[in-house]
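Commentary on secondary and tertiary structure
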Amino acid sequence: MSERLTIGELASRAGVATSALRYWEELGLLPAPERVSGQRRYPPSAVGLVGVVLALRNVGFTLREVKAFVASRSPAGDGWRELYERKLTELDRRIAQAQAARTAIAHGLACSHENISECPNFARGVAAILAGSSLEEAHEAAHSH
């Protein structure tokens, strides 16, 4: 039989807290390990699975999405591609929002008004937000006078 890891050993090898491992197990991200005298014993392959969870979390997947990814991993399975495509679309949207936010902040810093609240461009942007515009649309409205 191959070496089995305690939860502390797995946590140490993977660089995560034991509480995270217990939580991920509860969520179904990690399979329930064998028990020896009531203590969890993980196969060495669990280190790689924890690495997958960490990698997916680091690129922005939620734990729910990680669970779907883990569930989609069959030898012939292609379900992970759909998850990746959806995440890529979401990241593109978030990047566009972050770029618009950065532009708006940079314009605010370049504003000649001592108090940003007194700037007509800022006021137009706020009014556009209140009217339901996206940040991108509000910024455009603020600067198209």
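These remarks concern the structure in this document. (Residues numbered from 1 in each chain as written. Predicted model: local features only at pLDDT ≥ 70, side-chain atom pairs only at ≥ 80, totals over all residues. Heavy atoms only, no water.)

We now examine unusual backbone geometry. Phi angles above zero are rare outside glycine, and S37 is one such case at about 55°. Along the polypeptide, S37 turns up in the loop between β1 (34–36) and β2 (39–41). Using a relative accessible area of 76% as the deciding quantity, one classes S37 as exposed. (Helix = DSSP H or I, 4+ residues; strand = E, 2+ residues; numbered from the N terminus. Buried < 20%, exposed > 50% of the residue type's maximum accessible area, 1.4 Å probe, protein only.)

The next subject is the packing of aromatic side chains. Think of a pair of aromatic rings as described by two things: how far the centres are apart, and how the planes are tilted against each other in angle. For the structure on display, the rule yields three aromatic pairs. Here the aromatic rings of F61 and Y84 are separated by 5.5 Å at their centres, their planes lie at 40°, and the arrangement is tilted. You can see F61 sitting in the loop between α3 (45–58) and α4 (63–72) and its partner Y84 sitting in helix α5 (residues 79–110), a full 23 residues away along the chain. Residue class for F61 comes out buried when judged on its relative accessible area of 4%. A ring pair is formed by W80 and Y84, whose centres lie 5.2 Å apart and whose planes are at 85°; its orientation type is edge-to-face. Here the residue W80 and the residue Y84 both occupy positions in helix α5, the gap between them amounting to four residues, near one helical turn. For Y84, a relative accessible area of 38% translates into the label partly exposed. Members of the aromatic cluster, joined through ring pairs, are F61, F69, W80 and Y84. (Phe/Tyr/Trp six-rings, centres within 6.5 Å; stacked < 30°, edge-to-face > 60°.)

Tallied over the full model, the rule gives seven salt bridges. Residues E82 and R86 are paired through a salt bridge, measuring 2.7 Å at the closest nitrogen-oxygen approach. Here the residue E82 and the residue R86 both occupy positions in helix α5, the gap between them amounting to four residues, near one helical turn. Residue class for E82 comes out partly exposed when judged on its relative accessible area of 48%. A relative accessible area of 49% means that R86 is categorised as partly exposed. The partner of K87 in a salt bridge is E90, with the nearest N and O atoms 3.1 Å apart. Remark: E90 and K87 occur in helix α5; sequence separation between them is three residues, near one turn of the helix. (Salt bridge = Lys/Arg side-chain N within 4 Å of Asp/Glu carboxyl O.)

The interhelical angle for the contact between helix α1 (residues 7–14) and α3, taken along N-to-C directions, is 50°, at an axis separation of 10 Å. Between α1 and α3, the angle falls in the class oblique. Regarding α1 and α3, the two cross each other, and that crossing is right-handed. Judged by residue contacts, L10, R13 and A14 of α1 engage A46, V47, V50 and L54 from α3. (Axes fitted to C-alpha atoms, helices over the stretch in contact; angles between N-to-C directions. Parallel < 35°, antiparallel > 145°, perpendicular 65-115°, else oblique. Left-handed = near helix turned anticlockwise from the far one by under 90°. Contact = heavy atoms within 4.5 Å.)

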